[in-house]
Amino acid sequence: MPLRLPDRLPAIDLLKQENIFVMDATRAHSQDIRPLRIVILNLMPLKITTETDLIRLLSNTPLQMDIAFMKLKSHTPKNTPVEHMMMFYKDFETLSREKFDGMIITGAPVEQMEFEEVSYWDEISTIFEWAKTHVTSTLYICWAAQAGLYYHYGIPKYPLEKKMFGIFPQRAIEAPVPIFRGFDDVFMMPHSRHTEIRRADIVADSRLTLLAEGDDCGVSMVMARGGREFFITGHLEYAADTLDKEYRRDMALGRSDVGIPRNYYRHDDPDAGPLVSWRAHGNLLFSNWINYYVYQETPYNIEDIK
């Protein structure tokens, strides 16, 4: 798909090397098409890596999209150059005046804190509320999924005895739902988290639909408001080497509480490299979300979103 991206965004060159078609803003403006407007609230420390992961998956449909990046005014990232943030990101205060067909809110390295203890909780709560009336469909990922379920529906999170780390099989509970069109009965999803949400809390709330879960990883996908909100506790957007980098970082730090990521390395041997088993379903999930819950549902006049 032709993605309209800011000129000189690092992800453009990285993805062109993977033979993925992206379009910078200069070329896109010459086409007379009403693109879908997608905003990404990127809370991950390594902004450029996350941008590339998400754009890679958003590129897999024939629809044109205009991608905007949102940042928090109440939090300054430490691992991304200030120049990058100033060039490619806008504060919520600025973007809040606009409406968007779709929104993606990423995970954040704060999951072991209580939600209200997170320094930017007030601002992100305001964003969650704003999205209800300014975005056609919002995709919450990892910590954002837990935070969104807590803010909107009062669903608590629970600490795990050991980090959920690896690639885990999931079952589609609501297979006829369009988000699962083309999915196998069982699909793999990367997880990397210290907390969980529990099935009993989800099924007890009639506003929520449990979409997928795994025997080992528990709840992995939840839907609300007929698809205007999706909550995904794992990371179908991860690149092949993401868990490997995380594992080697933890080992270098002497972390004894984190083992080898499960179902990830060939023969469970880090030196043998990862075996990717989630890429196809990652592409399919993002394509289905864009098609059935954004493109098919959003009004032609974007100001009519409410």
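Scroll up a little and you will see the structure.
Here's what I pulled together on the structure shown here. Numbers given for residues are sequential positions, taken from 1 along each chain in its written order. Where totals are concerned, whole chains, interfaces and linings use all residues; where local detail is concerned, this predicted model gives features only for residues with pLDDT of at least 70, and gives and counts side-chain atom pairs only at 80 or more. Derived side-chain values reflect all non-hydrogen atoms in the structure, with water molecules and hydrogen atoms excluded from consideration.

### Comments concerning the overall build of the protein
Segments assigned H or I by DSSP are reported as helices when at least four residues long, segments assigned E as strands when at least two residues long, and all are numbered from the N terminus. Along its length, the protein carries ten helices and twelve strands. For the exposure calls, accessible area comes from a 1.4 Å probe over protein chains only, and a residue counts as buried if that area is under 20% of its type's maximum, exposed if over 50%, partly exposed in between. Residues classed as buried in the protein amount to 55% of the 306 residues present. Restricting the contact set of the protein to residue pairs at least 6 apart, pairs at least 24 apart contribute 74%. Surface accessibility follows the Shrake-Rupley procedure with a 1.4 Å probe radius. Residue values consider only the protein chains on display as shielding. If you sum the accessible surface of the protein, you get close to 14,000 Å²; carbon and sulfur atoms cover 50% of it. For this analysis, residues touch if any pair of their heavy atoms sits within 4.5 Å.

### Comments concerning helix α3 (residues 47–58)
A helix is expected to span 1.5 Å for every residue after the first. With twelve residues, α3 should reach 16 Å at 1.5 Å per residue; the first-to-last C-alpha distance of 16 Å fits that figure. Burial runs high along α3: ten of the twelve residues are buried. Listed as buried for α3 are K47, T50, E51, T52, D53, L54, I55, R56, L57 and L58.

### Quick notes on helix α10 (residues 279–295)
Here α10 spans 23 Å end to end across 17 residues, near enough to the 24 Å set by a 1.5 Å rise per residue. If you check which residues of α10 are buried, you get H281, G282, N283, L285, F286, S287, N288, W289, I290, Y293 and V294.

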